[in-house]
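# Structure at a glance
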Amino acid sequence: MSQAAFEPRSEVPAIEVHDLTVAYRTQPVLWDVDFRLPEGELIAIVGPNGAGKSTLLKAILGLVEPLTGRVEVFGAPYRRRRSWVGYVPQRESVDWDFPTTALDVVLMGLYGRVGWLRRPSRSHTKRALECLEHVGMRELAGRQISQLSGGQQQRVFLARALAQDARLYLMDEPFAGVDVTTERAILSLLEELRSQGRTVVAVHHDLQTVAEYFDRVVLLNMRLIAEGPVATTFTDENLQRTYGGRLTVLARAAETLLENRRLDAPPEESTLARREGRGPWS
Amino acid sequence: MELTFTARNVLLGATLLGAVGGVLGSFALLRRQSLLGDALSHAALPGVCLAFLVTGSKDPLPLALGALGAGIAGSLTVLALVRWSRIKEDSAIGIVLSVFFGLGIVLLTHIQRLPGGNQTGLDKFLFGQAATLMERDLQVMAILGAAVMVLLGLFYKELKLITFDRAFAQSLGLPVRALEGLLTLLLVTVVVVGLQTVGVVLMVATLITPAAAARQWTDSLGWMLVLAGGVGAASGATGALASASVAHLPTGPVIVLVASAVLVVSLLAAPRRGLVRAWLRERGVEQRIRRENLLKDLYRTGEEARTDPYRLVPLPHLMGLRGQAFGALRATARRLERQGLLSSHDDTLSLTTEGFREAEAVVRKHRLWELYLTRRLELASDHVHRDAEAMEHALSDDDVARLEELLGHPETDPHGRPIPPAPRQPGGAPPSRGEATP
């Protein structure tokens with residue numbers, strides 16, 4: 001890889017999420033989320049299933065339209081910062097039986113640079129191979145992707161992101177379902193990226209390793225629970241608030257809305273009130 | 001074979017359609033849009049009829065444009081239904097297919113009742129009638145087919161990316177919706193190319209069948225496109241020639257049948273993905289498990305008797321251990337005997353030195369795993385045997401070495417029986433023949 005280190009410009013946040021609300025149909029997924037993430041750190045997005053973690057990444061990438069609010073990446077809308085950002089989707093989001101090789105997948109990370117109507121050149125291939133080497137997958141470059149283990153597939157995805165040579169990396173559960181070797185490889189990769197001044201924002205599931213792997217944490221459960229350095233933010237109390245009671249009021253309001261929609265009936269105020277009265281507030 | 005002018009046209013048209021259909025069908029297959037292809041081809045029918053009603057001519061160009069328009073309308077309807085209603089995509093496709101096709105049939109019936117002789121022959125668009133292909137039809141087909149191929153070539157890498165990883169393509173800023181629209185447009189165009197040859201009803205087979213067959217033989221998208229085009233072209237040509245040489249053989253259906261035959265062979269015989277290979281592999285594993293079990297049973301019998309590890313064990317005794325049939329056991333024993341792992345006398349078996357070594361390895365895996373389960377997972381020792389029965393066939397030598405390391409090179413299993421040492425260790429040599437174990 002070309003390893004040009006970035007000088008963090010501390011005054012411009014890597015990501016600024018401002019009053020973001022996202023809903024799929026009538027179901028709110030993110031509710032008024034608002035935070036700023038500094039450049040040059042390893043940042044975990046943590047929260048229970050259905051907390052909107054992946055959606056938050058997708059909103060940052062402009063893959064889902066927010067209902068309200070906006071996202072800025074290095075002080076500008078994402079579409080003007082695309083070439084600064086690398087993305088690692090969830091491994092399960094693609095069909096690994098697709099007829100293609102590991103090398104080919106990594107080359108996809110360079111498509112933005114290859115440009116329209118052109119084929120990847122020899123130098124692109126060389127670079128893709130370097131990225132595979134970087135994650136210890138050089139020998140498997142020609143392997144069909146379904147012949148790779150889960151951990152190896154994840155490393156192919158990381159190599160593709162490396163090929164993007166980005167300043168900010170957004171990763172959706174990079175550690176999910178990988179073997180120990182891959183876990184170590186990913187971790188040392190993250191640390192290397194940080195030492196180069198790059199920023200990594202990763203959705204992370206394993207609470208045990210948050211403090212060990214990351215500098216900063218975003219605790220999310222439909223709305224932002226807390227955000228800050230791991231040492232001060234990743235506390236029992238905050239975790240309790242994130243995982244303990246689900247956001248019962250919001251979740252139930254949404255549920256009610258959805259039910260009413262299903263029945264094609266006007267919203268029933270009484271249902272909403274009854275539900276609110278029953279559950280614990282949090 | 002001397003080709004008549006008609007036969008030549010049919011041959012050219014069918015080959016062209018097969019090639020274009022196979023290539024584009026590969027994308028439809030990988031995008032799981034086979035059904036969409038079916039809906040779009042059915043949707044083309046009312047377009048053809050309307051174009052005829054408006055222009056009153058059977059010139060291929062307006063008819064093709066009509067089909068194109070109707071196909072596009074069909075695909076947009078699917079999109080709209082999915083987007084604005086709660087109908088899911090498969091149902092939306094079903095609805096569009098039947099509604100458009102129904103409308104097409106109504107129009108077709110109406111047209112056939114019109115006075116005058118010009119309207120006959122439109123029904124060829126239902127099942128295709130390649131023999132009616134004219135020079136002018138071929139020209140239209142060739143132009144459309146070439147356009148499809150060129151566009152596919154130009155946007156190959158982008159189309160590949162949106163097919164494999166849509167979200168990543170979007171994150172790169174590719175206009176994913178537009179590219180998907182392009183693919184659908186190309187699909188509709190191919191349908192138009194095939195209208196006269198195979199008709200709207202069978203069209204989907206020329207898209208999907210060659211692609212599915214090609215997928216069996218390669219793991220590269222590029223080669224898949226080439227193979228699918230080849231299979232399509234070859235079945236097209238075969239179908240055309242068959243119908244030219246045998247009277248009353250319909251071209252379109254024959255093309256589809258030929259492609260299907262290729263698919264069946266591919267599903268069965270392809271080297272890595274084929275069913276035959278999978279079956280053989282499965283059988284191989286089963287036989288290995290049977291062999292390992294037999295070796296282990298012989299070892300255990302010797303161990304329990306605390307006498308000669310190479311003692312002769314009668315087959316009925318072994319049958320009792322796992323409730324195996326005589327014949328199956330006999331066959332496994334024969335195999336092992338051929339490999340020099342055991343010897344047999346009448347209906348009794350005994351391990352050879354080599355066989356003893358193999359048996360030790362299996363028992364080692366079994367007992368190490370049992371120990372691992374009891375120690376690490378704190379399972380009771382009477383609960384671990386069944387699991388170890390399966391794991392002993394699955395653990396690799398590396399796994400075993402690591403397991404042993406982890407457990408601190410134990411000497412006995414949870415039941416107090418000795419764990420045979422690793423083969424290379426000094427104490428690991430098998431006892432010499434005839435010598436009793438302590």
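All residue numbers refer to positions counted from 1 along the written sequence of the respective chain. Following the order in which they are written, the chains are lettered starting with A and the ligands numbered starting with 1. Per-residue local features are limited, in this predicted model, to residues with pLDDT of at least 70; the limit for side-chain atom pairs, both in listing and counting, is 80 or more; totals at the level of whole chains, interfaces and linings are taken over all residues. Remark: hydrogens and water are excluded; side-chain values derive from all non-hydrogen atoms of the structure.

### Here we look at the sheet that holds strand β1 (residues 15–24) of chain A
All names here are of chain A. Paired strands, as defined in this entry, are two strands with at least two bridges between them according to DSSP. Secondary structure counts use DSSP, requiring at least four H or I residues in a row for a helix and at least two E residues in a row for a strand, with both numbered from the N terminus. In space, the three strands of this open sheet follow the order β2-β1-β4, with antiparallel pairing throughout. Of all the strands in the sheet, just β2 (27–37) and β4 (68–73) have a single pairing partner and so form its edges. Each adjacent strand pair in this sheet contributes to an overall mean axis angle of 20°, direction not counted. When β1 meets β2, the two strands line up antiparallel, connected through seven bridges. Looking at the pairing, E16 lines up with R36 of β2. Against the sheet, helix α1 (residues 53–60) touches β1, β2 and β4, its axis set at about 115° to β1. Angles here are taken between N-to-C directions and fall from 0 to 180 degrees, while the axes themselves are lines fitted to C-alpha atoms, restricted in helices to the stretch in contact. Every residue pair with non-hydrogen atoms within 4.5 Å of one another is taken to be in contact.

### Brief notes about helix α6 (residues 135–154) of chain B
All names here are of chain B. Each residue after the first adds 1.5 Å to the expected span of a helix. For α6, built from 20 residues, the straight-helix expectation of 28 Å at 1.5 Å per residue is met to within 8% by its first-to-last C-alpha distance of 29 Å. Accessible area is worked out with a 1.4 Å probe on protein chains only. A residue is then buried under 20% of its type maximum, exposed over 50%, and partly exposed in between. Among all positions in α6, only D137, L138, V140, M141, L144, G145, V148 and L152 are buried. Taken end-on, α6 shows its buried residues confined to a sector of 160°, consistent with a single buried face. If you follow the buried residues of α6, they end up packed against α1 (5–30), α3 (60–84), α7 (156–164) and α9 (176–217). The arc in question is the one traced by the directions running from the helix axis out to the C-beta atoms.

### What to know about the interface of chain A and chain B
Residue-level contacts link 33 residues of chain A with 33 residues of chain B. Take the accessible area each of two parts loses on contact, using a 1.4 Å probe, and add the two losses: that sum is the buried area. For the pair chain A and chain B, the two sides together bury roughly 2900 Å², of which 60% comes from carbon and sulfur. Note that R32 of chain B and D95 of chain A form a salt bridge whose closest N and O atoms lie 3.1 Å from each other. Nitrogen and oxygen atoms within 3.5 Å of one another constitute a polar contact, given that in protein one can donate a hydrogen and the other can accept it, and given that sequence-neighbouring residues count only through two side-chain atoms. Our enumeration of links across chain A and chain B arrives at 11 residue pairs in polar contact (both at pLDDT 80 or more). Those elements giving two or more residues to the side of chain A that touches chain B turn out to be α2 (102–108), α3 (111–114) and α5 (150–163) of chain A. Each salt bridge in this description consists of a side-chain nitrogen of Lys or Arg and a carboxyl oxygen of Asp or Glu lying within 4 Å of one another.

### Examining unusual backbone geometry
Residue and element names in this part refer to chain A. In this structure, D32 takes a positive phi of about 50° despite not being glycine. Structurally, D32 can be placed in strand β2. Positive phi, close to 50°, is recorded for F74, a residue that is not glycine. Of note, F74 is situated in the loop between β4 and β5 (85–88). Classification of F74 as buried rests on a relative accessible area of 3%.

### Some details on the side chain of E404 of chain B
Checked against the element boundaries, E404 of chain B lands in helix α17 (residues 397–407). Those residues within four positions of E404 of chain B in sequence are excluded, and the remaining contacts are R364, L368, H409, P410 and A422 of chain B.

### Side note on the pattern of salt bridges
Considering all chains together, one arrives at 37 salt bridges over all chains under this definition. Measuring nitrogen to oxygen at the nearest pair gives 3.8 Å for the salt bridge that ties R91 of chain A to E92 of chain A. With a relative accessible area of 13%, R91 of chain A lands in the buried category. Through salt bridges with shared partners, one network takes in D97 of chain A together with R215, D219, R272 and R273 of chain B.

### Structural notes on the packing of aromatic side chains
Aromatic pairing here means that ring centres of Phe, Tyr or Trp (its six-membered ring) are within 6.5 Å. Orientation follows from the plane angle: under 30 degrees is stacked, over 60 is edge-to-face, and everything else is tilted. The final tally for this structure, using the stated rule, is eight aromatic pairs over all chains. For the ring pair Y299 of chain B and F356 of chain B, a centre distance of 5.3 Å and an interplane angle of 35° mean the geometry is tilted. You can see Y299 of chain B sitting in helix α12 (residues 275–305) and its partner F356 of chain B sitting in helix α15 (residues 353–376), a full 57 residues away along the chain. On the accessibility criterion, Y299 of chain B (10% relative accessible area) is buried. The buried category is assigned to F356 of chain B, whose relative accessible area is 6%. Here a set of aromatic residues connected by ring pairs shows up, and it is made of W96, F98 and F157 of chain A together with F164 of chain B. Put simply, a charge is over a ring when the Lys NZ or the Arg CZ is close to the ring centre, within 6 Å, and near the line of the ring normal, within 35 degrees. The ring of F168 of chain B is capped by R160 of chain A, whose NZ or CZ atom sits 3.5 Å from the centre of that ring. Positioned above the aromatic ring of F74 of chain A is the side chain of R167 of chain A, whose terminal nitrogen or guanidinium carbon lies 4.8 Å from the ring centre.

### Let's talk about the nonpolar core
Generally speaking, soluble globular proteins have nonpolar side chains that are buried together. Ranked by internal contacts, the top residues of the largest apolar core, which has 165 residues, are I15 and L170 of chain A. When residues of this core are assigned to their parent elements, the largest contribution, 20 residues, is made by α9 of chain B. When near neighbours in sequence (up to four residues on either side) are disregarded, I15 of chain A contacts F35, R36, L37, I60, V71, E72, L168, L170 and V201 of chain A. Here, nonpolar core means buried Ala, Val, Leu, Ile, Met, Phe, Trp, Tyr and Cys residues that are tied together by side-chain atoms lying within 4.5 Å of each other. Core analysis: the second largest hydrophobic core is formed by 18 residues, Y310, L315, L336 and V363 of chain B among them.

### Remarks on the sheet that holds strand β9 (residues 223–229) of chain A
Residues and elements named next belong to chain A. Across the sheet, six strands lie side by side as β5-β6-β7-β3-β8-β9; this open sheet has mixed pairing. Of all strands in the sheet, those bounded by a partner on one side alone are β5 and β9. Recorded for the sheet is a direction-independent mean angle of 15° between the axes of neighbouring strands. Strand direction decides the pairing type here: strand β3 (residues 42–46) and strand β7 (residues 199–203), joined by four bridges, are parallel. Bridge pairing links A44 to A202 in β7. Against the sheet, α1 makes contact with β3, β5, β6 (168–172), β7 and β8 (216–221), and its axis sits at roughly 145° relative to β6, the strand it touches most. Sheet strands in contact with α5 are β5 and β6, and its direction is about 170° off that of β5.

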